[in-house]
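Analysis of the macromolecular model
Residue strings, one per chain:
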Amino acid sequence: MSPRKLLLEKLALCDNVTTDILIDKVCLERATRKIHCSTHFSRTVVQQHDVVGIIRSQVVQNDDAMEGVRQLLLLPDLRAVTTRLDDGSDLFPRHLAIYVHMYLRDCPFEIMPTQRYNGTGYNVSITARRNIKTGEKIRYLVGIRVPIDEGQEESLAAADSDFSLIISSRQKTCSLLLGPARFANHDCNANAKLMAADCDGIQVVAVKPICIGDEVTVFYGSDYFGDGNEGCLCHTCELLQQNDRRDTEALDTCPPTRITRSKSRHNNDRLMPPAIAKTDISKDFRQSMDGGTCSECSVRQKQYTTPEQCLRCTRHFSLYGYRWPSRGEQNHVRHKRSV
């Protein structure tokens, strides 16, 4: 196997395992799309409460992302991944750390489910937890570019794994984007952009003000969804009634209502009814994706519409002890630098 293909296989495995334990099991309770690779991947048997316990105690409470990574690597399933890579590198720990940093209190975004693209399977989105200024590098919303050749691109397309490909505007080369940045969805009038960082890194940068509750979007390209993006399902196309949003009624899943700063820092951020505070964080989140909209976090719900009943708000409170979108950062003093 060529060095380039070997790197792709290893990083794809790292990303598949990491998203399984740190996004699917902690945030969503459903499987996000995975990158096809020759190394067989099946969902890990890591227990959700083990992962959540490490995130809560080390990352949230102790503000120590790297200690969280070290403890996660002690879990049997993750030790097995390191063994399967068998190259003596720190490839998997470094990739794991990229995702773990999303749970720090000062992370300005959160990964949340969305039904905007429900015709294309289960999807997630990046939602702002605080106001983000134009030109601001969105901290921790980063990725890794894995260069691929034409043959690898065709293989990914054949396996329906070409959903995270980017093309360099300067070099016109194709790469696979891995890391949290790959969850930034497209919009024809995006509020952020992908910017090269270091040799193979990607950083998401705001190109216009982004308010609390807004989805962070980037522009994939003029013909990414067919000629002239005729198959685009973004919010802008919906508003303009163009492309695949022509002649359709406005969706209930348009970007969440903006939440004012005063609301996000309400004195009662920490107050949740006892029934919610004691709710098991492993409660199935899938049932909440079919109906109304939560008044607090704007995630679609099946039957719950208040923060006290919303499973997403409950999950957030269980991790941070604050109502969404607060993580208590205004009352928290950083005592360790993780990056």
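Residues numbered from 1 in each chain as written. Predicted model: local features only at pLDDT ≥ 70, side-chain atom pairs only at ≥ 80, totals over all residues. Heavy atoms only, no water.

1. Re the nonpolar core
Defined as follows: The criterion is simple. A nonpolar core is a set of buried Ala, Val, Leu, Ile, Met, Phe, Trp, Tyr and Cys residues joined through side-chain atoms within 4.5 Å. Only protein chains enter the accessibility calculation, which uses a 1.4 Å probe. A residue is then buried if its area is under 20% of the maximum for its type, exposed if over 50%, and partly exposed in between. A run of DSSP states H or I qualifies as a helix once it reaches four residues; a run of E qualifies as a strand once it reaches two. Both are numbered from the N-terminal end. Working rule for contacts: check all heavy atoms of both residues, and any pair within 4.5 Å makes them a contact.
Counting residues in hydrophobic clusters, the biggest one holds 71 residues, and the most contacted among them are L22, L96 and Y103. A per-element tally of this core places helix 1 (residues 3–28) first, with 12 residues. For L96, the residues in contact, after removing those within four places along its chain, are T18, I21, L22, V69, L72, L73 and L78. If you look at the next biggest cluster of nonpolar residues, it comprises 6 residues, including C294, C297, C310 and W324.

2. Things to note about empty space enclosed by the protein
Applied cut-off: A cavity here means a set of points on a 1 Å grid, drawn over the protein atoms and nothing else, where a 1.4 Å probe fits but cannot get out; a pocket is an open set with protein on both sides within 12 Å along at least five of seven lines, and a residue lines either one if it has an atom within 4 Å of a point. Grid points are joined across faces, edges and corners, and a volume is the space filled by probe spheres set on the points. Residues are grouped as follows: Ala, Val, Leu, Ile, Met, Phe, Trp, Tyr, Cys and Pro are nonpolar; Asp, Glu, Lys and Arg are charged; every other residue, Gly included, is polar.
Overall, the coordinates contain 3 cavities of 30 Å³ or more when judged by the stated rule. In terms of lining residues, the largest cavity is bounded by C27, M102, Y103, F109, E110, I111, R312, H316, L319, Y320 and R327. When contributions to the lining of the largest cavity are tallied by element, the ones reaching two or more residues are strand 1 (109–114) and helix 10 (311–320). Of the residues forming the lining of the largest cavity, the biggest block, 4 residues, is contributed by helix 10. Looking at the lining of the largest cavity, its residues break down into 7 nonpolar, 1 polar and 3 charged.

3. Considering the side chain of Q58
Looking at the element boundaries, Q58 is found in helix 2 (residues 48–61). With a relative accessible area of 14%, Q58 lands in the buried category. If sequence neighbours within four positions are ignored, Q58 has contacts with D63, D64, E67, G68 and Q71.

4. Regarding the environment of H36
Residue position: H36 is located in the loop between helix 1 and helix 2. Beyond its immediate stretch of four places on either side in the chain, H36 contacts L156, A159 and S161.

5. Some details on the packing of helix 3 (residues 65–72) against helix 5 (residues 91–100)
Selection criterion: Axis lines are fitted to C-alpha atoms, over the contacting stretch for helices. Their N-to-C directions set the angle, which ranges from 0 to 180 degrees. Just so you know how the angles are binned, under 35 degrees is roughly parallel, over 145 roughly antiparallel, 65 to 115 roughly perpendicular, and the rest oblique. In a left-handed crossing the near helix is turned counterclockwise from the far helix by less than a right angle, and in a right-handed crossing that turn is clockwise.
At their nearest, the axes of helix 3 and helix 5 sit 9 Å apart, and the two run at 125 degrees to each other. In terms of their interaxial angle, helix 3 and helix 5 are classed as oblique. Crossing angle aside, the handedness with which helix 3 passes helix 5 is right-handed. For the pair formed by helix 3 and helix 5, the contact residues are A65, M66, V69 and L72 on the first element and P93, L96, A97 and V100 on the second.

6. Focus on the environment of L104
Note that L104 resides in the loop between helix 5 and strand 1. Take L104: its relative accessible area is 0%, and that puts it in the buried class. Considering only alpha carbons, one finds L104 and I55, 49 residues apart in sequence, at a separation of 8.9 Å.

7. Remarks on the packing of aromatic side chains
Think of a pair of aromatic rings as described by two things: how far the centres are apart, and how the planes are tilted against each other in angle. Quick note on the threshold: Aromatic pairs are defined between Phe, Tyr and Trp rings, using the six-membered ring for Trp, whenever the two ring centres lie within 6.5 Å; interplanar angles under 30 degrees are classed as stacked, those over 60 as edge-to-face, and all others as tilted.
Across all of its chains, the model carries 3 aromatic pairs by this definition. Between the aromatic rings of Y220 and F225, the centroid separation amounts to 6.0 Å while the plane-to-plane angle is 25 degrees, which identifies the pairing as stacked. Considering the side-chain rings of Y224 and F225, the 5.1 Å spacing of their centres and the 65 degrees angle between planes classify their relative orientation as edge-to-face. Given the relative accessible area of 33%, Y224 is considered partly exposed. Take F225: its relative accessible area is 29%, and that puts it in the partly exposed class. The structure contains a cluster of three or more aromatic residues connected by ring pairs, namely Y220, Y224 and F225.

8. Considerations on the pattern of salt bridges
The criterion, for reference: Here, a salt bridge means any side-chain nitrogen of Lys or Arg that lies within 4 Å of a carboxyl oxygen of Asp or Glu.
Applying the stated criterion to the full structure yields 8 salt bridges. Between R94 and D90 there is a salt bridge, with the nearest N and O atoms lying 2.9 Å from each other. Using a relative accessible area of 47% as the deciding quantity, one classes R94 as partly exposed. One salt bridge in this structure joins R327 and E110, with 3.6 Å as the shortest N-O distance. You can see R327 sitting in the segment after helix 10 and its partner E110 sitting in strand 1, a full 217 residues away along the chain. Taken individually, R327 and E110 each receive the classification buried, so the pair is uniform in this respect.

9. Things to note about unusual backbone geometry
A cis amide bond, omega 10 degrees, links W324 with the succeeding residue P325. In this fold, P325 is placed in the segment after helix 10. Phi at Y140 is positive, roughly 70 degrees, even though this residue is not glycine. Residue placement: Y140 occurs in strand 3 (residues 137–147). Since its relative accessible area comes to 7%, Y140 is described here as buried.

10. Some words on the packing of helix 2 against helix 3
Where helix 2 meets helix 3, the axes come as close as 8 Å, and the angle between the chain directions of the two elements is 155 degrees. When the axes of helix 2 and helix 3 are compared, the pair comes out roughly antiparallel. At the point where helix 2 passes helix 3, the crossing takes the right-handed sense. Every residue of helix 3 that contacts helix 2 at V51, I54, Q58 and V59 is listed here: A65, E67, G68, Q71 and L72. Residue classes in the contact of helix 2 with helix 3 are distributed as 5 nonpolar, 3 polar and 1 charged.

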